[in-house]
Number of protein chains: 4
Amino acid sequence: MSQTIGFIGLGHMGSGMATRLLNAGYKLKVYNRTREKLEPLIKLGAQAVNFPFETVEPGSIVITMLSDDNALREVTLGPHGLNDSLGKDSVHLSMSTVSPEISRELAQRHQQAGAHYVAATVSGRPDVAASGQLGIYVSGAKDGKQRVSDILRLLGRNIADCGEDPGAANVVKLAANFMLFSAVEAFAEALAFAEKQNLDRGAVTKMLCDNLFDSAVYRNYGKLLTEQKYDDPQFKLKLAFKDLKLAIQGSESADAPMRFAQSLHNRMLSLIALGKGDYDFSVIGLGAAEDAGLIPAHN
Amino acid sequence: MSQTIGFIGLGHMGSGMATRLLNAGYKLKVYNRTREKLEPLIKLGAQAVNFPFETVEPGSIVITMLSDDNALREVTLGPHGLNDSLGKDSVHLSMSTVSPEISRELAQRHQQAGAHYVAATVSGRPDVAASGQLGIYVSGAKDGKQRVSDILRLLGRNIADCGEDPGAANVVKLAANFMLFSAVEAFAEALAFAEKQNLDRGAVTKMLCDNLFDSAVYRNYGKLLTEQKYDDPQFKLKLAFKDLKLAIQGSESADAPMRFAQSLHNRMLSLIALGKGDYDFSVIGLGAAEDAGLIPAHN
Amino acid sequence: MSQTIGFIGLGHMGSGMATRLLNAGYKLKVYNRTREKLEPLIKLGAQAVNFPFETVEPGSIVITMLSDDNALREVTLGPHGLNDSLGKDSVHLSMSTVSPEISRELAQRHQQAGAHYVAATVSGRPDVAASGQLGIYVSGAKDGKQRVSDILRLLGRNIADCGEDPGAANVVKLAANFMLFSAVEAFAEALAFAEKQNLDRGAVTKMLCDNLFDSAVYRNYGKLLTEQKYDDPQFKLKLAFKDLKLAIQGSESADAPMRFAQSLHNRMLSLIALGKGDYDFSVIGLGAAEDAGLIPAHN
Amino acid sequence: MSQTIGFIGLGHMGSGMATRLLNAGYKLKVYNRTREKLEPLIKLGAQAVNFPFETVEPGSIVITMLSDDNALREVTLGPHGLNDSLGKDSVHLSMSTVSPEISRELAQRHQQAGAHYVAATVSGRPDVAASGQLGIYVSGAKDGKQRVSDILRLLGRNIADCGEDPGAANVVKLAANFMLFSAVEAFAEALAFAEKQNLDRGAVTKMLCDNLFDSAVYRNYGKLLTEQKYDDPQFKLKLAFKDLKLAIQGSESADAPMRFAQSLHNRMLSLIALGKGDYDFSVIGLGAAEDAGLIPAHN
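The residue numbering used here restarts from 1 in each chain and proceeds along that chain's sequence as written. Going through the entries in the order they are written, you letter the chains from A and number the ligands from 1. Restriction of local features to residues with pLDDT of at least 70 applies here, the model being predicted, together with a cutoff of 80 or more for giving and counting side-chain atom pairs; totals for whole chains, interfaces and linings are based on all residues. Only hydrogens and water are removed before side-chain values are computed, so all heavy atoms of the structure are retained for them.

Focus on the overall build of chain A
Line of reasoning, step 1. Note on conventions: DSSP H or I runs of at least 4 residues are helices, E runs of at least 2 residues are strands, and numbering of each starts at the N terminus. What chain A contains, in helices and strands, is 12 helices and eight strands.
Line of reasoning, step 2. Its C-alpha atoms put chain A at 65 × 45 × 35 Å along the principal axes.
Line of reasoning, step 3. Between buried and exposed lies partly exposed: a residue is buried under 20% and exposed over 50% of the maximum accessible area for its type, with that area taken using a 1.4 Å probe on protein chains only. With 299 residues in all, chain A has 61% of them scored as buried.
Line of reasoning, step 4. In chain A, once contacts between residues fewer than 6 apart in sequence are set aside, the share between residues at least 24 apart is 66%.
Line of reasoning, step 5. Only the protein chains shown count as covering a residue, and every accessible area follows the Shrake-Rupley method with a 1.4 Å probe. Total accessible area on chain A is roughly 11,100 Å²; 48% of this is exposed by carbon and sulfur atoms.
Line of reasoning, step 6. Neither His nor the chain ends contribute to the count of charged residues, in which Lys and Arg are positive and Asp and Glu negative. For charged residues, the charge sits on one atom: NZ in Lys, CZ in Arg, CG in Asp, CD in Glu. In chain A, 31 side chains carry a positive charge and 33 a negative one; their mean positions are 3 Å apart. The criterion used for residue contact is that any of the two residues' heavy atoms lie within 4.5 Å.

Here we look at the sheet that holds strand β6 (residues 116-123) of chain C
Residue and element names in this part refer to chain C.
Line of reasoning, step 1. Read across the open sheet, the eight strands follow the order β3-β2-β1-β4-β5-β6-β7-β8; overall the sheet is mixed. Bordering the open sheet on either side are β3 (47-48) and β8 (156-161), each of which pairs with just one other strand.
Line of reasoning, step 2. In this sheet, β8 lies alongside strand β7 (residues 134-140) in parallel orientation, the contact comprising five bridges. Looking at the pairing, glycine 135 lines up with asparagine 158 of β8.
Line of reasoning, step 3. Contacting β1 (4-8), β2 (27-31), β4 (61-64), β6 and β7, helix α1 (residues 12-23) crosses the sheet at an angle of about 170 degrees to β1. At least two DSSP bridges between two strands are required for those strands to pair. A fitted line through C-alpha atoms represents every axis, and for helices the fit uses only the stretch in contact; the resulting angles, taken between N-to-C directions, go from 0 to 180 degrees.

Quick word on the interface of chain A and chain C
Line of reasoning, step 1. Contact residues are listed per partner, giving nine residues for chain A and nine residues for chain C.
Line of reasoning, step 2. The term buried area means the drop in 1.4 Å probe accessible area that two parts suffer when joined, counted for both and summed. With both chains or domains summed, chain A and chain C bury close to 540 Å², and 45% of this area falls on carbon and sulfur atoms.
Line of reasoning, step 3. Salt bridge criterion: a side-chain nitrogen from Lys or Arg within 4 Å of a carboxyl oxygen from Asp or Glu. On inspection of chain A and its partner chain C, the count reaches zero salt bridges.
Line of reasoning, step 4. We call two N or O atoms a polar contact when they sit within 3.5 Å, provided that within protein one can donate a hydrogen and the other can accept it, with sequence-adjacent residues counted only if both atoms are side-chain atoms. Viewed at the interface, chain C and chain A are joined by two residue pairs in polar contact (both at pLDDT 80 or more).
Line of reasoning, step 5. Listed by contribution, the elements that provide at least two residues to the side of chain A that touches chain C are α11 (259-273) and α12 (284-291) of chain A.
Line of reasoning, step 6. For the side of chain A that touches chain C, the element with the highest residue contribution is α11 of chain A, accounting for three residues.
Line of reasoning, step 7. Here the residues of the side of chain A that touches chain C sort into three nonpolar, two polar and four charged. All amino acids are sorted into three groups, where Ala, Val, Leu, Ile, Met, Phe, Trp, Tyr, Cys and Pro are nonpolar, Asp, Glu, Lys and Arg are charged, and the leftover types, Gly among them, are polar.

Focus on the relation of the copies chain B and chain A
Line of reasoning, step 1. Copies are brought into register by a least-squares superposition over C-alpha atoms of residues with pLDDT of at least 70 in both. Expressed as a screw transformation, the operator carrying chain B onto chain A has a rotation angle of 180 degrees and an axial translation of 0.0 Å, and the superposed copies differ by an RMSD of 0.0 Å. The transformation just described matches what one would write down for a two-fold rotation axis.
Line of reasoning, step 2. A shared binding surface is used by both copies, with 100% of the interface residues of chain B retained as interface residues in chain A.

Focus on the interface of chain B and chain A
Line of reasoning, step 1. Counting from both sides, the interface comprises 60 residues of chain B and, opposite them, 61 residues of chain A.
Line of reasoning, step 2. Summed over both partners, the interface of chain B with chain A comes to about 5,100 Å²; 69% of that surface belongs to carbon and sulfur atoms.
Line of reasoning, step 3. If you look at where chain B meets chain A, you find two salt bridges.
Line of reasoning, step 4. Salt-bridge contacts for arginine 259 of chain A lead to aspartate 291 of chain B; the nearest nitrogen and oxygen are separated by 2.9 Å.
Line of reasoning, step 5. At the junction of chain B and chain A, the tally comes to 21 residue pairs in polar contact (both at pLDDT 80 or more).
Line of reasoning, step 6. The set of elements that each furnish at least two residues to the side of chain B that touches chain A consists of α4 (100-111), β8 (156-161), α7 (168-196), α8 (201-210), α9 (216-227), α10 (237-253) and α11 (259-273) of chain B.
Line of reasoning, step 7. Residue contributions to the side of chain B that touches chain A peak at 20 residues, all from α7 of chain B.
Line of reasoning, step 8. A breakdown of the residues in the side of chain B that touches chain A according to their chemical character gives 37 nonpolar, 10 polar and 13 charged.

Some thoughts on helix α8 (residues 201-210) of chain D
Line of reasoning, step 1. Within the span of α8 of chain D, buried status applies to Arg201, Val204, Thr205, Met207, Leu208 and Cys209 of chain D.
Line of reasoning, step 2. Elements in contact with the buried residues of α8 of chain D: β7, β8 and α7 (168-196) of chain C together with α7 (168-196), α9 (216-227) and α12 (284-291) of chain D.
Line of reasoning, step 3. Measuring from the side-chain oxygen of the N-cap residue of α8 of chain D to the backbone nitrogen of glycine 202 of chain D gives 3.2 Å; that N-cap residue is aspartate 200 of chain D.

Considerations on the nonpolar core
Line of reasoning, step 1. To qualify as a nonpolar core, a set must consist of buried Ala, Val, Leu, Ile, Met, Phe, Trp, Tyr and Cys residues joined through side-chain atoms within 4.5 Å. Within the largest apolar cluster, 154 residues are counted, with the highest numbers of intra-cluster contacts made by Phe281 of chain C together with Phe281 of chain D.
Line of reasoning, step 2. Residue contacts for phenylalanine 281 of chain C: discarding those within four places in its chain leaves Leu180, Phe181, Val184, Tyr221, Phe235, Lys236, Leu237 and Ala240 of chain C.
Line of reasoning, step 3. Core analysis: the second largest hydrophobic core is formed by 153 residues, Leu225 and Leu246 of chain A together with Val217 and Ala288 of chain B among them.

What about the sheet that holds strand β5 (residues 91-94) of chain D?
All names here are of chain D.
Line of reasoning, step 1. Spatial strand order, β3-β2-β1-β4-β5-β6-β7-β8: eight strands in an open sheet with mixed pairing. Of all strands in the sheet, those with a lone pairing partner are β3 (47-48) and β8 (156-161), marking the two edges.
Line of reasoning, step 2. The strands touched by helix α1 (residues 12-23) are β1 (4-8), β2 (27-31), β4 (61-64), β6 (116-123) and β7 (134-140); relative to β1, the strand with the most contacts, the crossing angle is about 170 degrees.

Focus: the pairing of strand β5 (residues 91-94) of chain C
Residues and elements named next belong to chain C.
Line of reasoning, step 1. What you see with β5 is no split at all: Val91 and Leu93 on one side and His92 and Ser94 on the other are buried throughout.
Line of reasoning, step 2. In terms of strand pairing, β4 meets β5 through four bridges, oriented parallel. What sits directly across from isoleucine 63, in β5, is leucine 93.
Line of reasoning, step 3. By definition, the crossover connecting two strands over a helix is right-handed if that path, from the first strand to the second, turns clockwise as seen with the strands pointing away from the viewer. Crossover connection from β4 via helix α3 (residues 69-77) to parallel β5: handedness right-handed.
Line of reasoning, step 4. With helix α4 (residues 100-112) bridging β5 and its parallel neighbour β6, the resulting β-α-β unit is right-handed.

Topic: the pairing of β6 of chain C
All names here are of chain C.
Line of reasoning, step 1. Summarising burial for β6: seven of the eight residues are buried, a large majority.
Line of reasoning, step 2. Sheet analysis places β5 next to β6, joined by four bridges and oriented parallel. Its bridge partner lying in β6, valine 91 is registered against histidine 116.

So this is what it looks like as structure tokens:
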């Protein structure tokens, strides 16, 4: 498996994924804006390059894993961006949580050079990435998706094909996150209500999760909302807010208002104003408790 | 099992439960405001009485299954109400979806006569009641709960003890319903968003339910929101709105604001204004679609 | 002017109004649940009675000024209530802020005895009442309104006739208060936004009120929101919340959802949970500031 | 008055303002992306140029009146943008409704060349601009503001100085528009409520505006909401939504959540989805009516 892959964006998630690829025998050309983050990967055999476009080899695959639309636009269409080097049969495997709009735009740009754009959004933490257990939504033209299927199977456990619209994987990812945030907000409000009615958070959580809400999501967040300890972030509030804003942006461009998203905007922005941006996003529970005049022991 | 039980409120749910009790060998004294609904039960051996208080025998159990706080108050504390007949060791098993406040008030009233109040709220449709598969939240003093345990085991499959506060079972029930309505609203908004982004409702629902939202609740309502056919109600919108208002009333009395509950109030009241009160409450999906300028094929 | 009038409900507002009537030469029969409040009026010549119905003389006018629907219902339809004494040509002048529903119901009840019900809702503080400068919305059948016109002209400066529907004055009053609360919430949010953008509250308030928002309401509340000193209540938050809930109740009975009312419900209930119920309702400004992570000097 | 001024952005508003300047004797160098719009001004003596930077003369004033941040950024910092031509003592008088953030950024950029940036946001329609009756908020360094004071006095009737922060005029403008939209939403909800309670829109509007809401804003919009005829736009919904999004963007960058703004986002976006983007923004009244199941005669 001597195939060489480009990899741009080696933050926590990107590094976890790149490590798994290196361990599986892939050769990697890696680019990151701040070079220090590349050191561990260089020790594992990755080759660091100085510009985004240098990660591309003729007909090869380049993975991007960046923080937002602007960063993705910069490494793709900016000076020394990879768009200029992508040629016939190259594949840009775009794994950042970005807007469907930018996916569609880049797919069109790449196509002009005969290259493919595949969006593949991921669910899971860095350690889940390193162990190849990510949940993955993938979308784009068939040829492109086929080219990256081995890589995706190496990284993910559950791969869902969202169709040929390059933005589809982004839409599904944003929808899923929005529903997750909404479930946590509703749970947080329900527990604040129950606590003010003199019930015990843990007991209520158990009863809810033993009945109607018998799933991993509710059990996991029910535990956090019961303990009310939000300072060990798995999914930081400020990143969740970024995803929420992407969903709202997508709703604006599609003329599809989302009432709960607007309510969550207030909730998250207020918690950020109160200095909780680096907490886990389930700190929503603190917001709901404070609304009700409760002051949790922690925080 | 020649024990005689009183039963007040023989609507769809009450009749399903009473039928199961009769079939199990209990003797029933039944009271309903409109007498016709009693006929099928009389054929099964139930004895119809003319006033609520006549359902009570010394030291016996009386079940109430009514539409709201006012109806429960009327048959309990109104003229010919059962409160006056309840004596030492009588048990009022209150199974309506009502406010925690009325449960606490009635528990106190009954206690003065040495009688017990047990709240036991149920999840499930009439046919589920008739087959003894209800989910049940129960709360009240231990002695009372022990007295009704055989009856609850006959009616329900999953019985959760919410503690000694007589209102606790009502709180948990209202919290559960609120979280259910919220999950459906979020799902409805996500699917309207996805549809406006040109994705297929069914495909998106499948992907969401195969990943993060892998539970019966999301699968069931995902199916309804995909088909967008809301005129075969399992849980009518107007009854869901009644429960939502109970949750809001409980949040007012406990000083615990619930943001999503207020958003749902707008949604449900608007759909009722548009004539959808007798549809299934998942008609929320129609509201979200219309917000986005979509006009589903049905409805 | 030896006419005798009944007056039920002598709280701050009622006492201010009754004082003005006594000073103008009316004879008053007064009833209040807690008797002490009647002392100052007795000194001014009022006659205290023991039951609501005793305030009524044949064909006379009885004014009620009570805290809510329940209190009005109690003195009207409860034991010893005034409804039984009202006869031909009696007039019940109902000046409480209550629901349109109860006005319509009482009008119908009174009519059966040949008596009139006139709703007349007021804007203004107790001292405004005592000086006859209230704003008044009045509604009901013409004959009844004509009978009370002298009294209303004595109490108010600006009297608007809302028509013959007895509930109309209540509807307009609830609509006006809702719009007032909304204007203050919007102003409060705008000033929190401006302050976080490093602008000065006072300067912004001045510019807004010198241009688009050039009216007494915005100037008065702009001053409070700039000073952020909310502990000298003119209109207590908990009373404002009572009125908001009446508007919501009216919106429920008319199937007319009010989005801003639901948002205000969250805001007010949260401030009440935080112990601000006895502050002026403009403490909404504190809520908006805290949402933005600001901690005003006072409070 | 032979001073030459640059003018970029000659849409409806820009043309109205430029006409007034020409009539007052100023010489204008005008630039617009689509050249046709310049014809009427050329007839009045304006000189058309081919690139934004060509509107600048040494030490002169250049006015920009564009649709949004992107357009302003393009003509200022883009290829052939005016930033490169601005030198010592030049003034960029920026009159678009844009974000405070871009004002602050451009002020800093211009300062490096010794040039001034003055933000001056305007209220009023094109004909108001042409007659010099605009309301104007102005902000920026003193020297710059002094340089443009004659021009502003020519264009506006009411000029409010928001201080030296170049973004301040944008903040006040966004706050004012947000409060305007909120007042109209609240009024629209109140009238839908009143109509469903069987009151007459016109009568209610009159009573509200004769009392608490006695100001031009409420009278003007009360008239529109009573007539419910929204297709003769003074301020198009899609432009109002643009301004609302600027306010939300500003609230995000300042960590200042605005609850009513989020509710308005739902309202406006839904009306846009329903094809009402080119209506007057008071079509909010249609949204509130439809929420309540009302179908106004027009629309």
